[in-house]
Amino acid sequence: MGKKTVRDIEVKGKRALVRVDFNVPLADGQVADDTRIRAALPTIQYLLEQGAAVILMSHLGRPKGQVREELRMDPVARWLSELVGREVVKLDDCVGKEVESTAANLEPGQVVLLENLRFHPEEEENDLDFAQHLASLADVYVNDAFGTAHRAHASTAGVPQYLPSVSGFLMERELKVLGSVLTNPIRPFVGILGGAKVSGKIGVIRNLLSRVDVFLLGGGMANTFLKAQGREVGQSLVEDESLPVARQIMEEAGGKLVLPVDVVVADAFAADAKAKTVSVQQVPAKWRILDVGPETLSLFEEKLASAKTVIWNGPMGVFEFPSFAAGTFTLARILTETQATTIVGGGDSIAALQQAGLLDRMSHVSTGGGASLELLEGKTLPGVAALEDKEEDVEGG
Ligand code: AMP
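Residues numbered from 1 in each chain as written. Predicted model: local features only at pLDDT ≥ 70, side-chain atom pairs only at ≥ 80, totals over all residues. Heavy atoms only, no water.

(A) Summary view of unusual backbone geometry. Cis geometry marks the peptide bond from Arg187 to Pro188; its omega dihedral reads 0°. Mapped onto the fold, Pro188 is located in the loop between helix H7 (169–183) and strand E9 (189–193). If you check the backbone angles, Lys64 has positive phi at about 55° while not being a glycine. Relative to the helices and strands, Lys64 resides in the loop between strand E4 (53–57) and helix H2 (74–84). A relative accessible area of 69% places Lys64 in the exposed class. If you check the backbone angles, Asn126 has positive phi at about 50° while not being a glycine. With respect to the helices, strands and loops of the structure, Asn126 is situated in the loop between helix H4 (121–124) and helix H5 (128–135). (Helix = DSSP H or I, 4+ residues; strand = E, 2+ residues; numbered from the N terminus. Buried < 20%, exposed > 50% of the residue type's maximum accessible area, 1.4 Å probe, protein only.)

(B) Geometry of the sheet that holds E9. Within the open sheet, the six strands sit side by side as E11-E10-E9-E15-E16-E17. Their pairing is parallel. The open sheet has two free edges, formed respectively by strand E11 (257–258) and strand E17 (364–365), since each of these has just one partner strand. In this sheet, strand E15 (residues 309–313) lies alongside E9 in parallel orientation, the contact comprising five bridges. Residue pairing in the sheet places Val190 in a bridge with Val310 of E15. (Pairing = 2+ DSSP bridges.)

(C) Quick peek at the packing of aromatic side chains. Going through the model one piece at a time under the given rule, you end up with two aromatic pairs. Both rings, one in Tyr46 and one in Phe169, keep their centres 5.2 Å apart while their planes meet at 85°; by these two values the pair is edge-to-face. Taken together, the residues Tyr46 in helix H1 (residues 35–49) and Phe169 in helix H7 connect sequence positions 123 residues apart. We classify Tyr46 as buried; its relative accessible area is 18%. (Phe/Tyr/Trp six-rings, centres within 6.5 Å; stacked < 30°, edge-to-face > 60°.)

(D) Up close: the pairing of strand E12 (residues 262–266). Burial runs high along E12: five of the five residues are buried. A two-sided burial pattern is seen for E12, the buried positions comprising Asp262, Val264 and Ala266 on one face and Val263 and Val265 on the other. As paired elements, E12 and strand E13 (residues 275–279) share five bridges and run antiparallel to each other. When the bridges of E13 are listed, Val265 appears paired with Lys276.

Structure representation (structure tokens):
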């Protein structure tokens, strides 16, 4: 890791082009949740205090390379202006003559927000000509959009080819927390994985297994492992094509891998389905597993009791249905009662923690679901690789 940050370069009198993640939910033409905007404020404020002019750019929604009126950045600019307490000039494009002339005449302390980057197909294509046009607007580039750092797009991987490029504070913190957990965790280190699918997370399971002391598996993905053990899982969500890899992972994991011992089963996939708790040996053929059971939660609690570091991604059950939310909510409560540093990633786990009112009881909540999973998988994120290394890292080889 060890990437340069805004602190490592002179920004006074310069124009900083800052990639932020302002992909926020909108409702009635207003920002419905400003968490992501607030997360970028420390970097924006620092740059302004240091005497830079700030040009912000982000994507919003999925316009697929076309102008979509309802996905313009205007509501974001209005709300950002309230938050930073100064005018935010919103431009109607992100490249072109008008944008260039505004950028060329910026004074220190001014803030500009470019139009939705994904109105141009070149953004997602990582078109270097487009990237160069974006880069021509500024003197330095700052990436504070951890949530899109796993995408090699023009604004994340392309622009840094043309400008001195550093990370913002949000990016710095995400990389530091996730990086130190993976390379130098305080032990015992427990990994917890849930969610629907095994297939998208095999790399994460493998990489985490090699690093953790205990690995707790729940949610829909545990079904595939239970079936691989030869158990009846009824109508549960299972990925048959992942059975061989599940078997292999269990062999390699030895005693580290802990699977559910009891489950809540339902007679249908519905909020009002009939539900009962059974041991994993007794799943009826016509029923399906929708949550982990109380004995599993006690077992998980035992395994977590001495943990010093915990990383959690993915719900333990279909928490969207109240009858099958207990596993996820109870696990969240157990985490708040440990002495461990707790790191949570993934949109669903965060939504569940929010519903349980426990989000602020976690040590670190990652803002990037996909990006944090790719880091946990051991991958290098293109938006991070493109930034300059810190001097000492270069010298140290
Ligand atoms: P993911 O995107 O892979 O993290 O999956 C999150 C989704 O997994 C949530 O919407 C949950 O409802 C779903 N999920 C969790 N446990 C189960 C289960 N036992 N069966 C089906 N879906 C599940």
